[in-house]
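So you can see what is in the structure, the chains are spelled out below.
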Amino acid sequence: MIKVLFDESHDQLSCSQPQGDNTPKEAWTILCGQIKQLFGDDAISFKKELLTRQVLQDFQLLILAAPKSPFSPEEVKAIVSFVKQGNSLLIASDQESLVIKDDSINLVLESLGLRFEELLNHPPEQVFNLLPHYISSEVSQLKIREPVYIKTLSNSAYPVDIIATLPDTGKTLLAAMEVNGNNQSGRVVVLGNNLIFSDKYIDTGNNRKLASNILCWLAHQNSLDCRDARIATEVTYRESAKFSIVISNPKSQRLENITCVLESDTDILIQQPSKKIRFLPGNGQAQLQWTVIPQQIGQQTLRLTIDIPEPGNSEINKISSLFFAPVAQFQCVPDAEFDLVFLNPQGKAQEIVETGVTFEVKAIARWKNHAKAVPLRMQLECPLTHIKVEQISAERWYLTVLDPGDWLITLHISDINQKITRLVHAYPSAKTKIEKIQRDVVTPLAAEIHYQVSQIRQEFDSKEIREIPFELLTPEEQVNRLYNYSTKEQLLEALQAARSENKRFSPLVEKLLQWIAPTYSPLHGCCIPYDPKLAAHLVKEHQFFEQQLAYNFQGIEGKDNSISAKIHDLITRFDAQEKLRCLKDAFIRFKNSNF
């Protein structure tokens, strides 16, 4: 018969004196009832005295539930000796237990190669990451609160089985170990969350089943042990991989006809899913191995069922089972490399774009080894306050950057949880630059010229003359404003051709220089085309026209051009004939409006 000692001498919540509805929800009274159901009504004792060797000698299982007052050195030695004699220990902690001045709870663990540590990350409330072990059978979800984690020390003398890890950090929440003894191994279960078995939480998730498994394992009542499940974290689509697990017999008597069945939640092809161990000698072990071939891209899950006929019950065929869901997980990945490219209207890759100008973003999959392409779910992530996005197919998008700067564009391939990030640099568009130049340069200079004109003759100081526009425009805007339909269509086509032309073709440049230049129109005023980027593109193959291109388009991008000086020159040195026409036209309009 198993005798269990529940220590209450180190400021734990009392479970020996339930207080009805006033019992603290942090107490383990429900668990204590579970111990009685498993081992008998007289199995559990509660003591509030020092844990000496004399006190411990009558028990086989010691429970330390988040002690909050220090252990004496003698108690630490007695507890370690208790385990090394083949007995069992369940020790749980929480944040409050770690802040006591004397860290003696860790003195107990350090002698076994472990240590509790404070979790500095945001505390999770659920755990799904469980590894195969008798303790995790039929356990797939745990509810916790404010856990600490377990650290394995480098000088640990005993193998540690990690059973549950915390999400995000991967730090150990639950571990088990066996310490060699004279007749049988001592067993230890270490838990980084005291509240998991409290009255408040024990009936949430699979907490109650975990408690039952721990108690049976510590009492050496488990029929099998499972550990060391292995499979690659990534497996290529439709290629084979090996999954293996070690099954061990913790008893001295031999086991026979153990059936192990491997299954999956997805379309994984499993070669010979059912395997049978004809016999497993006492204290012996066997490694089982399956070949699996995933048929879907993405996260894959394997389940394992182990059926163990109980000795001496062959006539009634009584069977106990272990079930692990999952027993292993892996990512099925396509045999491909992925990239994200930005394309200009000519279909060429670019990393620098112009604000306000739409460009294409394309996800590219390069399939290797003649692999068959499979559809993948893709999402484009970018700062929507600065970038306008329009999806045009599963792997293509139109983007328009609204603000200049460096912006991160991320392709998220959902099926394989892979992200590809690219940086796009957006510079101000010609329209944005024009607005700035118009505001900062043109308007003040135009005001100065109007003042000079008014000094020639007082009548010129009129609203009509002051409102004669002097505007910077994109070449396309100037063409649309100044020319009729047939000429307009020809020039717009010429501009489009010029932006994509990469070879020397002088007639095209001559046509642009002839028709697109600083121009005075009696109807529209002074219209100045501004596009240093186009001038820089054309001058690569047409150096002979550099001076004219710089004049007509107000500079060449990348060269030291003072736009302020150029605009000043245009306003103050506009040729005499056009200036006289401007004044004449203004005077006529002024005269007609007054007489």
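Starting afresh in each chain, residues are numbered from 1 along the sequence in its written order. Totals for whole chains, interfaces and linings use every residue, but because this is a predicted model, local features are given only for residues with pLDDT of at least 70 and side-chain atom pairs only at 80 or more, for both listing and counting. Remark: hydrogens and water are excluded; side-chain values derive from all non-hydrogen atoms of the structure.

## Description of the overall build of the protein chain
Line of reasoning, step 1. Working definition: helices are DSSP H or I runs of at least four residues, strands are E runs of at least two. Numbering for both runs from the N terminus. If you tally the helices and strands in the protein chain, you get 15 helices and 32 strands.
Line of reasoning, step 2. For every residue, the accessible area obtained with a 1.4 Å probe (protein chains only) is divided by the maximum for its type, and the residue is called buried under 20%, exposed over 50%, and partly exposed between those limits. Counting only residues that meet the buried cut, the protein chain has 48% of its 595 residues in that class.
Line of reasoning, step 3. Residues count as neighbours in contact if any of their non-hydrogen atoms are within 4.5 Å of one another. Relative to all contacts within the protein chain whose residues are 6 or more apart in sequence, the contacts with residues 24 or more apart total 67%.
Line of reasoning, step 4. As displayed, the protein chain has an accessible area near 30,400 Å², and 47% of this comes from carbon and sulfur atoms. Residue burial considers only the protein chains on display, and all accessible areas are found by Shrake-Rupley using a 1.4 Å probe.

## Points about empty space enclosed by the protein
Line of reasoning, step 1. Buried and open spaces are told apart on a 1 Å grid over the protein atoms alone, a cavity being a set of points where a 1.4 Å probe fits but cannot get out and a pocket being an open set with protein on both sides within 12 Å along at least five of seven lines. Residues with an atom within 4 Å of a point are the lining residues. Grid points are joined across faces, edges and corners, and a volume is the space filled by probe spheres set on the points. Considering all chains together, one arrives at two cavities of 30 Å³ or more under this definition.
Line of reasoning, step 2. The space that makes up the second largest cavity amounts to roughly 40 Å³.
Line of reasoning, step 3. When grouped by side-chain class, the residues that make up the lining of the second largest cavity number eight nonpolar, two polar and no charged. Classes in brief: Ala, Val, Leu, Ile, Met, Phe, Trp, Tyr, Cys and Pro nonpolar; Asp, Glu, Lys and Arg charged; the others, Gly included, polar.

## Some points on the sheet that holds strand E18 (residues 274-280)
Line of reasoning, step 1. The five strands lie next to each other as E14-E21-E20-E16-E18, forming an open sheet whose pairing is mixed. The strands lining the two open edges of the sheet, one partner per strand, are strand E14 (234-236) and E18. With strand direction ignored, the average angle separating the axes of adjacent strands in the sheet is 30 degrees.
Line of reasoning, step 2. Think of it this way: DSSP has to see at least two bridges between two strands before they count as a pair. Sheet analysis places strand E16 (residues 255-264) next to strand E20 (residues 298-309), joined by six bridges and oriented antiparallel. Counted as the bridge partner of Leu262 is Leu304 from E20. Note on geometry: axes are lines fitted to C-alpha atoms, helical ones only across the stretch in contact, with angles between N-to-C directions running from 0 to 180 degrees.

## Quick look at helix H3 (residues 73-84)
Line of reasoning, step 1. One fewer than the residue count of a helix, multiplied by 1.5 Å, yields its expected span. The end-to-end C-alpha distance of H3 is 17 Å, a good match for the 16 Å that 12 residues give at a rise of 1.5 Å each.
Line of reasoning, step 2. Here H3 has its buried residues at Glu75, Val76, Ala78, Ile79, Val80, Ser81, Phe82 and Val83.
Line of reasoning, step 3. A positive backbone phi angle near 100 degrees is found at Gly86, which sits one or two residues after H3.

## A word on the packing of aromatic side chains
Line of reasoning, step 1. By convention, a stacked pair of Phe, Tyr or Trp rings (six-membered ring in the case of Trp) has centres within 6.5 Å and planes under 30 degrees apart, an edge-to-face pair has planes over 60 apart, and any other such pair is tilted. Within the structure shown, the criterion is met by eight aromatic pairs.
Line of reasoning, step 2. Each residue in the set Phe6, Trp28, Phe46 and Phe197 is aromatic and connected to the rest through ring pairs, giving one cluster.
Line of reasoning, step 3. Against the face of Phe279 rests Arg254, its NZ or CZ located 4.4 Å from the ring centre. In our convention, an over-ring charge means Lys NZ or Arg CZ found within 6 Å of a ring centre and within 35 degrees of that ring's normal.

## Digging into the layout of surface pockets
Rolling a probe over the atoms, with the probe sized like a water molecule, indicates the empty space that remains.
Line of reasoning, step 1. The space that makes up the largest pocket amounts to roughly 1,000 Å³.
Line of reasoning, step 2. Around the largest pocket, the lining is made up of 35 residues, and of these Glu354, Val357, Tyr427, Arg499 and Lys533 lie nearest the centre.
Line of reasoning, step 3. Listed by contribution, the elements that provide at least two residues to the lining of the largest pocket are strand E23 (352-354), helix H7 (430-456), helix H9 (475-482), helix H10 (485-500) and helix H12 (532-539).
Line of reasoning, step 4. With five residues, the top contributor of residues to the lining of the largest pocket is H12.
Line of reasoning, step 5. Class assignment for the residues of the lining of the largest pocket results in 13 nonpolar, 12 polar and 10 charged.

## Structural notes on the pairing of strand E15 (residues 241-248)
Line of reasoning, step 1. Burial of E15 is extensive: seven of the eight residues sit out of reach of the surface.
Line of reasoning, step 2. Sheet topology places E15 next to strand E19 (residues 285-294); eight bridges connect them, and they run antiparallel. Across the sheet, Ser248 pairs through a bridge with Gln285, a residue of E19.

## A few points about the side chain of Thr400
Line of reasoning, step 1. Tracing the backbone through its elements, the reader meets Thr400 in strand E27 (residues 396-401).
Line of reasoning, step 2. Throughout this description, a polar contact denotes any pair of N or O atoms lying within 3.5 Å of each other; where both atoms belong to protein, one of them has to be capable of donating a hydrogen while the other can accept it, and for residues adjacent in sequence the pair is counted only when both atoms sit in side chains. Among the polar contacts listed, one links the side chain of Thr400 to the side chain of Thr358, at a separation of 2.7 Å.
Line of reasoning, step 3. In this structure Thr400 touches Gly356, Val357, Thr358, His386, Ile387 and Lys388, once residues within four positions along its chain are discounted.

## Description of unusual backbone geometry
Line of reasoning, step 1. Each neighbour pair has its own omega, and for Ala325 with Pro326 the value is 10 degrees, a cis peptide bond.
Line of reasoning, step 2. Here Pro326 lies in strand E21 (residues 319-333).
Line of reasoning, step 3. Residue Asn283 is not a glycine yet carries a positive backbone phi of 60 degrees.
Line of reasoning, step 4. Secondary-structure assignment places Asn283 in the loop between E18 and E19.
Line of reasoning, step 5. One non-glycine residue, Asn417, lies in the positive phi region at around 50 degrees.
Line of reasoning, step 6. Note on placement: Asn417 falls in the loop between strand E28 (405-413) and strand E29 (418-427).

## Digging into the side chain of Gln478
Line of reasoning, step 1. Tracing the backbone shows Gln478 in helix H9.
Line of reasoning, step 2. With a relative accessible area of 0%, Gln478 lands in the buried category.
Line of reasoning, step 3. Contacts of Gln478, omitting those with residues within four sequence positions, involve Leu473, Ile516, Ala517, Thr519, Cys527 and Pro529.

## A short note on the nonpolar core
Line of reasoning, step 1. What is meant by a nonpolar core is a set of buried Ala, Val, Leu, Ile, Met, Phe, Trp, Tyr and Cys residues, joined one to another through side-chain atoms within 4.5 Å. Core analysis: the biggest nonpolar cluster contains 100 residues, and Leu302 and Ile306 have the highest contact counts within it.
Line of reasoning, step 2. Leu51, Leu64, Leu109 and Val179 belong to the second largest nonpolar core, which has 30 residues in total.

The values reported here are purely geometric and, on their own, carry no functional implication.
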